[in-house]
Amino acid sequence: MEKFIIGAAIGMVGGALLVANNCKLRSLVKKNQQELVAKAEQYIDQKLAEKQSDGSSSGCCSR
């Protein structure tokens, strides 16, 4: 689900860049794209950390 959301958001930003003719608008879109990617990476890192902490506390399959 997260991959779909990230892909859709990046696709929308890419489409906006193709349509945008104004330099100010392009810089605004690029800035928003960078912020979106940073938030997505932060979200994914948070989810991975939660899964790792849940998995390590159970002690189920330690090797």
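No experiment lies behind these values; they were computed from the predicted model shown.

Once that is clear, we can look at the overall build of the protein. Along its length, the protein carries 2 helices and 0 strands. Every one of the 63 residues in the protein was classed for burial, and the buried ones make up 8%.

We now examine the pattern of salt bridges. A side chain of one charge can pair with a side chain of the opposite charge if their charged atoms are brought near each other. If you walk through the whole model with that rule in mind, you get 1 salt bridge. Measuring nitrogen to oxygen at the nearest pair gives 3.9 Å for the salt bridge that ties Lys47 to Glu50. Here the residue Lys47 and the residue Glu50 both occupy positions in helix 2 (residues 23-58), the gap between them amounting to 3 residues, near one helical turn.

Rules behind the numbers
Residues numbered from 1 in each chain as written. Predicted model: local features only at pLDDT ≥ 70, side-chain atom pairs only at ≥ 80, totals over all residues. Heavy atoms only, no water. Helix = DSSP H or I, 4+ residues; strand = E, 2+ residues; numbered from the N terminus. Buried < 20%, exposed > 50% of the residue type's maximum accessible area, 1.4 Å probe, protein only. Salt bridge = Lys/Arg side-chain N within 4 Å of Asp/Glu carboxyl O.

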